[in-house]
Structures are given as structure tokens and as C-alpha cells.
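Residue-level structural notes
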Amino acid sequence: MALKRKTKKTGPLPKKSNKSRRSHRGSLFIAAGFLFFIALAVSSVLILQKDNVSSVSPEPRPQLTEEQAKQEALAAAPSNKPHPINLGDISIGDTVLEDGRTNEQSNLPPNVTVSEDKDPASTEKVLVQKSITQNYAVNEAKEPVKSSKKTNNVSVTASGDQSKVGDDQVAALPPQKKPLVDPDVQTEWIKPDRPMIAIVLDDVGVNKRGAELAIELPGAITLAFMTYAPDVKAMAAEASRRGHELMLHVPMEPLGSADPGPKALLTGLSDEEILARLEWGMSQFDGYIGINNHMGSKFTGWRRGMEVVLSRIERTDYFFMDSRTSPSSVAASVAVSMGVPVLRRDVFIDNDYKNTLEILKQLKQAERIAIKNGHAIAIGHPHKSTVEVLHKWIKEAEDRGFDIVPISRIMALKKPKE
């Protein structure tokens, strides 16, 4: 008889406990977190590799010469930042007689020294510069106003801060150095029946409201517009329409730390860069009859720089007016030596522009000079106080026997050389 295997009957499987389910979920979370961190690490490695591949190793920079390094430093110099002004009262920093000037000459380049240009016997000491060898052909024929004359076959070997040009064409460089002469000795004046006073307002345009105030003055007032003033072309055209004579106000390097503004003429620049910046300024608007310096107590004391500037003016019908921001300026002496028409400022009227009595006092000083010499040139700025004083003073001065005239009328008093 076959034996029957007894099998134990089993019921349904028991359900997993809650504890087992929680353990399973935890394992899944751990695995997901691990995978996430792996993905993050891989992504970081891929990004870094992509950056390394896309980035090109910079080429080794060629060794700069001393002159190239200087030019690069000048290009990044803070002198080309906007000129600081106080928009509240139109106070223009460092435009008065002091011009950031100090009695020190430590800021001058090593190849430049400055002394007074009042004594004609010491003219060779006015500015001493390292010798510059020049060998170039110069076309003596005068060209029309604002023409761009080129000097060909230029070969210049220079020391100090002058650049080596080689055989390239370069804008005309200044002539051979001539002995400086005292402009007061060389100039003869016609004395008019009534003393003449020319008022020139500098820095016009750096503040729109100041320009509007200046333009509202009678047309006898000459306005010198800043080269870098916003909308200078439109403002100058409006001033000309109102009957004002215009001048070009060119920023030049001062002694001290004041900022002369964009495209300023600096003592560290080469002849070519000075000419390039001057050409830029001369192209900003039309209709001006002369050029004068903004600041410039350092640059106008540098004979070489003024020769470069005046060599360009020589090829036009413009004159140069030395604002005389420094007693060491050689601008007028160099101009006379080169045969460039030149005028010089006699009085600053608003050094203390907040004091209207002081402005009137300076205008009285201009009157005394005009009585003595037959003429006087006074420089002011488009401050609200200055403009208000001028409105009243012009009529009173004319009643006292003075003629308030545009700057060209003073230039016309110069006797022509025989």
C-alpha cells in the first residue's frame, strides 16, 4: 500500500511589515541621491573641460619699448575722463589764474625745465629740451585755411619723449628752433580814440545753462567754447547767430593734479599725438577766429609743445591767445618768434566768482589797463554771477567812455610789421 505523503497546508503569505517597507524606500532615496551626485560631478568635469578647450592661451606679449610703454600708459591716463564741474553754480574747477599751479617743477618731464620768459636776454633759458635731430623737407608755400598739409620724406630721430617716425608721412612738425623774443618789445599798437576792452568768456559749453547765459549777453562778448562740450556745434552756431565772435578753447596740461579734460595736450605726448588731438579739437565746430588754452600752466611752459601747436595754427588764418595761466608761459614768445598772430590776457575777472564786488573790482582793473594802453583783454567764465555783473557793467562802461568790443577789434589794433 502506497504511503500517502502528508503535506502541510499553508495559508496566504503574510504581509510585509511597515518597517520593511520604510527600509526599502530609504534604500531607493540613497541610490537616487548617489546617482544625482555622480551626475553633478560628471557635469562639472565636462564644463571644466569645455572651458579649457574653448579658452585660447594668450599669445606672448611682445616686449614694449620705453616709448611704446609710455604711449600705452598715456592712453589709459585719467586725463581723458570728463572734466569735473559743479552743475549747481557752474563752477569750473581750475580755470582761474592759479590753474592748479604750484611753485614746484617736479611734475615736469625730465627733459623740460621752465623759467620766466620776461627777460629777452635769457630766452634760451626759457625752455631747455633734449636735442632733436630733424631732417625733413618743408613746403614753404602757405595753404588755405584749415587745409591739411603733409610733410613728406620725414626722418626724425628724437630723444626723451619724442617718437621715432622713420620714412612715414607725418603731419607738419614745427620748424627749427628760433630764439625767443619778448612779445611786448616786438608789438606796436594803434591807440584808439576811446579805450577798448574785450571780454572773453572761457569754458563755454561744459554746462548748458551756463552757455545759454553767456549767449544771452550782448554780441560784443567773445565766447570761447570748450572742444569737448556736449552739443558744442549747435551751441556755437547759436552764439554766432546772436552776433558773438567765437574762439576754440583747447585743454592743455596744468601743473598740479587738476584734470584738463578729454583730448588734452600733454607734455608726455609725441609731436604726432599732440597734432592729432589738436586736429580733433579744431574739427568740433566751425566759425571760430582764434584759439586759446584751457588750463595749460604746464604745457604752455613747454617750448617744444607750443611750437607743435603754433606750427599748425600758422597754416590757418587763426590767431592764438595766451590765457596766461602761468607766469612761465612761453606761448606768446614762441608765437612771435614763428610769426603767428598772438594776443595775451590782461585780467581774470572772476577768480572769486561768488563775490560780485570782486568781479567789479577786476573789471575796474581792466578799465585802468585800457586807459593806459588803449586796450585790455579780460577773461571770465559763464558763471551766473559773472553774467549778471557784465549785463550791468557793459552799459555803464560805455557811458564812461569805453568801447566793449569783440576780440578781433583788439587784434586789429596791432601795427603790421614793415
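1. Concerning the overall build of the protein
Secondary structure summary: the protein contains 11 helices and 17 strands in total. Across the 418 residues that make up the protein, the buried fraction comes to 47%. At a minimum sequence separation of 6, the contacts of the protein that also span at least 24 residues come to 74%. When the accessible surface of the protein is split by element, carbon and sulfur atoms take 55% of a total near 22,800 Å².

2. Things to note about the confidence of the model for the protein
Of the residues in the protein, 62% reach a pLDDT of 70 or more, and the chain-wide mean stands at 75. Scored below 50 in pLDDT, residues 76-171 makes 218 contacts in the model with residues more than four places away or belonging to other chains.

3. Structural notes on the packing of helix H7 (residues 303-313) against helix H8 (residues 331-338)
Axis separation between H7 and H8 bottoms out at 9 Å; the angle between their running directions is 50°. Between H7 and H8, the crossing angle belongs to the class labelled oblique. The hand of the H7/H8 crossing is right-handed. Two secondary-structure elements touch here, H7 through Arg 303, Met 306, Glu 307, Leu 310 and Ser 311 and H8 through Ala 331, Val 334, Ala 335 and Met 338. Classifying every residue of the contact of H7 with H8 by side-chain character gives six nonpolar, one polar and two charged.

4. Some thoughts on the packing of aromatic side chains
For the structure on display, the rule yields four aromatic pairs. Their ring planes at 70° and their centres at 6.0 Å tell us that Phe 225 and Phe 285 sit as a pair that is edge-to-face. In this pair, Phe 225 sits in strand S10 (residues 222-226) while Phe 285 sits in the loop between helix H6 (271-282) and strand S12 (288-295), placing the two residues 60 residues apart along the sequence. Considered together, Phe 225 and Phe 285 belong to a single accessibility category, that of buried residues. Both rings, one in Phe 285 and one in Tyr 288, keep their centres 5.3 Å apart while their planes meet at 70°; by these two values the pair is edge-to-face. Like Phe 285, the residue Tyr 288 is buried in the burial classification. Site record: aromatic cluster; members linked through ring pairs are Phe 225, Phe 285, Tyr 288 and Tyr 318. A cation over an aromatic ring shows up here: Lys 263 above the ring of Trp 280, its NZ or CZ 5.8 Å from the ring centre.

5. Regarding the nonpolar core
Judged by nonpolar contacts, the single largest core of 71 residues is most densely connected at Ile 199 and Phe 225. Counting residues in hydrophobic clusters, the runner-up holds 16 residues, among them Ala 198, Val 200, Ala 224 and Met 247.

6. Overview of the pattern of salt bridges
Within the structure shown, the criterion is met by 12 salt bridges. Two residues, Asp 271 and Arg 304, come together in a salt bridge whose shortest N-O distance is 2.3 Å. Pair noted here: Asp 271 is in helix H6 and Arg 304 is in helix H7, with a separation of 33 residues, a long-range link. What makes Asp 271 buried here is its relative accessible area of 3%. Overall, Arg 304 belongs to the buried group, its relative accessible area being 4%. With its nearest N and O atoms 2.4 Å apart, the salt bridge here joins Arg 400 to Glu 367. Of the two residues, Arg 400 sits in the loop between helix H10 (384-399) and strand S17 (403-404) while Glu 367 sits in helix H9 (residues 356-373), which places them 33 residues apart along the sequence. For Arg 400, a relative accessible area of 39% translates into the label partly exposed. Salt bridges sharing common partners tie together Glu 238, Arg 241 and Arg 242.

Reading the values: rules and limits
Residues numbered from 1 in each chain as written. Predicted model: local features only at pLDDT ≥ 70, side-chain atom pairs only at ≥ 80, totals over all residues. Heavy atoms only, no water. Helix = DSSP H or I, 4+ residues; strand = E, 2+ residues; numbered from the N terminus. Buried < 20%, exposed > 50% of the residue type's maximum accessible area, 1.4 Å probe, protein only. Contact = heavy atoms within 4.5 Å. Areas by Shrake-Rupley, 256 points an atom, 1.4 Å probe, with all protein chains shown as cover. pLDDT = per-residue confidence, 0-100. Axes fitted to C-alpha atoms, helices over the stretch in contact; angles between N-to-C directions. Parallel < 35°, antiparallel > 145°, perpendicular 65-115°, else oblique. Left-handed = near helix turned anticlockwise from the far one by under 90°. Nonpolar A, V, L, I, M, F, W, Y, C, P; charged D, E, K, R; others polar. Phe/Tyr/Trp six-rings, centres within 6.5 Å; stacked < 30°, edge-to-face > 60°. Lys NZ or Arg CZ within 6 Å of the ring centre and 35° of its normal. Core = buried A, V, L, I, M, F, W, Y, C linked by side-chain atoms within 4.5 Å. Salt bridge = Lys/Arg side-chain N within 4 Å of Asp/Glu carboxyl O.

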